[in-house]
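This is what each chain is made of:
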Amino acid sequence: AWLLLGLLPALLRAPCSGEGRPKAPPCRQSPARVSCRGAGLREIPEELGRGVARLELSNNSIRSLPESRAPWTAQLEHLDLRSNRLEAVSEAALARLPRLRSLLLGSNRLDRNYLANGRAFRQLRNIEVLDLSRNNLESHMAGWYVRNLSTLRRLDLSGNSMTGLPAGVFRSAPALRELDLSNNYIMRIAAGAFEALRELRALNLALNSLRCVSGFTLRGLRVLNLSRNALELFAAERGGERRYGLRVLDLSHNRLLLFPELPGARDLTHLNLSGNAIASLLPASRRPEFALPYGEAERFNNNNGSLGSAAHLSRVADLDLSNNRLHQLPFAFFHRLPSLRRLDVSRNCLQEVTKEPLAGDAEGGSSLGAPEPVLLSVRSLDLHSNSMRSLPRWFFDLLPRLESIDLGSNSLQPCESRETGKGEISGGASRAAAPGGTCTAFYNIPVLKHLSLHNNNIARLYPYAFNQTPLVSLDLSDNKDLFLPKEALQGLEFSLQNLSLRGNRMRDSRAELPCLRALKALDLSSNNLSLLPAGLSCSPLESLDIRRNSLASLGEPARWPRGLRLVAVAGNPLGCCALDALDA
């Protein structure tokens, strides 16, 4: 008791709720950089060193940038005020930032007081990077802000309320190289809106409401993103032999009905046309009907003769045609793309592939006889989620460099091949048709390394189905009640490293594996196995997935591969005594 009485005065003097303790400084400071992100500031701090070149004040509650709060700014080059409540910018304050090159003002309230703020921006004589995104700016406000910024090289106006681009809107910013106008409401671009931007290299117009782009004249542009608009037409300006510098063009998720007309885009390497309504790659038999203004429609009709042509796209290496309405894949169309390496035609309505020359194709044939087939240079091909029932043998013959193909979610049945004594394939008569229809031969494809036949309703695999095809990965998942005899995978003993048999509802008698001496990853999950397949011990497995089966035991330890690193066993009726195999 006397001890507590002695301590009472000290306890009474102690501050409540931590009051009086030294608070951690809201900002982190180094000689040239100060970061006050999310520090709960309502004003710009004054107590900063004079050598600060970079100041980060994002995620605070700052409402204004007055002159009185900026005595330290002579050396400042980068100022970040994103995600504040900024409404007012003092002209005198910006005048004290002679070296400022980067000003980030995204997610503020600069639609208020925009006239006074725009006048203040005239003091940004050396600005190169300006972020005005998500400020609820209308078109005329944005134009007012960027007036007289002749040194500006990168401008972000995304996420605002712009509905159009008037002529000459960027006339005072001729040095722009990157311009982001995405996620606005832009419906129309006036002629001459980009005329002054001779140095522009990247333009983002995604997530707007554009319906037509005709007379495209930005010849120095390298990257153009027009995805997620309402485009029915994209046609570049015709100018004889004049070329565009465009390398990357994204027209995905629009309303295009035909392949775009790109006569001068000879340097294009990446073209994304996914998520449109393209139904054919063949020359149009009639003029499509577009809901376009009269002028645009007339220009389109005058140039319709070559619409759908890919004759000038000799450097395209990556073409995405996924999520369209294609029913036919004409190989002759891709003959005009000699540099094509990756082709995605997934999620269409494909039922067949053809190799007949296109009508009116000067390269398609001659009067002397059938044309020589042109080999494609494609290395990666995605055809998943279509309606294909078979692939002709010449399909793989015309793709001699094909290394990876995804044929998932179709209705393809692999053929049987007969092995000779030397492990070679005998002639065409060796192909046995799968029950119920025509099969596809996946054997003797010398370069193919990755094959997906996921969800093809394959009932059984025939012996030597992949013989003389050096597959590294094979996906046979989600083929319900698949019968996999031991001979089916023979020929892959020394190449196959990754095998998926997930979700096939296979029982013990329907899942047999040969000795796969290169296999590192095996997925047997979601089946009805009560025993592990024999022969696993001779594979150098590192990953084994046997989840969601009927395994009551993991088998004898001696049968387990010694190099295993990952084993997934959840969802099996294992007892505690059944885990002795893990001791191995």
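Predicted model only: the values in this text are computed from it and were never measured.

1. Some remarks on the pattern of salt bridges
All chains considered together, the criterion is met by 19 salt bridges. A salt bridge links R247 to D267; the nearest nitrogen and oxygen atoms lie 3.9 Å apart. In this pair, R247 is assigned in the loop between strand 16 (233–236) and strand 17 (248–250) and D267 in the loop between strand 17 and strand 18 (270–272), connecting sequence segments 20 residues apart. With a relative accessible area of 33%, R247 lands in the partly exposed category. If you follow the salt bridges from partner to partner, you end up with R33, R37, R54 and E56 in one network.

2. Thoughts on the packing of aromatic side chains
Tallied over the full model, the rule gives nine aromatic pairs. When the centroid spacing of 6.1 Å and the interplanar angle of 5° are considered together, the rings of F170 and F194 count as stacked. Placement of the pair is F170 in the loop between strand 10 (164–165) and strand 11 (178–180) and F194 in the loop between strand 12 (188–189) and strand 13 (202–204), with a sequence separation of 24 residues. Exposure remark for F170: the relative accessible area of 1% places this residue in the buried category. Judged by centre distance (5.1 Å) and plane angle (70°), the ring pair of F259 and F333 falls under edge-to-face. Of this pair, F259 sits in the loop between strand 17 and strand 18 while F333 sits in helix 6 (residues 331–334), and the two are 74 residues apart along the sequence. An identical accessibility class is assigned to F259 and F333; each is buried.

3. Concerning the environment of R201
The topology assignment puts R201 in the loop between strand 12 and strand 13. Distance in space between the C-alpha atoms of R201 and G220 is 6.3 Å, their sequence separation being 19 residues. If near-sequence neighbours (up to four positions away) are discounted, R201 is found in contact with R177, G220, L221, R222 and V223. Here the side chain of R201 touches G220 through a polar contact of 3.2 Å, landing on its backbone oxygen.

4. Structural notes on the confidence of the model for the protein
Overall, the predicted model of the protein reaches an average pLDDT of 85, with 81% of residues at or above 70. Taken together, the stretch residues 7–18 has pLDDT below 50 and engages in zero contacts with residues farther than four places along the chain or on a different chain. Below pLDDT 50 for its whole length, residues 362–369 participates in three contacts with residues either more than four positions away or in separate chains.

5. With respect to unusual backbone geometry
Of note in this structure, N59 is not a glycine but carries a positive phi near 60°. Secondary-structure assignment places N59 in the loop between strand 3 (54–56) and strand 4 (64–65). Judged by its relative accessible area of 48%, N59 falls in the partly exposed class. For D481, which is not glycine, the phi torsion reads 60° and is therefore positive. By relative accessible area, D481 is classed as partly exposed at 39%.

Rules used in this analysis
Residues numbered from 1 in each chain as written. Predicted model: local features only at pLDDT ≥ 70, side-chain atom pairs only at ≥ 80, totals over all residues. Heavy atoms only, no water. Salt bridge = Lys/Arg side-chain N within 4 Å of Asp/Glu carboxyl O. Helix = DSSP H or I, 4+ residues; strand = E, 2+ residues; numbered from the N terminus. Buried < 20%, exposed > 50% of the residue type's maximum accessible area, 1.4 Å probe, protein only. Phe/Tyr/Trp six-rings, centres within 6.5 Å; stacked < 30°, edge-to-face > 60°. Contact = heavy atoms within 4.5 Å. Polar contact = N/O pair within 3.5 Å; in protein donor to acceptor, adjacent residues only side chain to side chain. pLDDT = per-residue confidence, 0-100.

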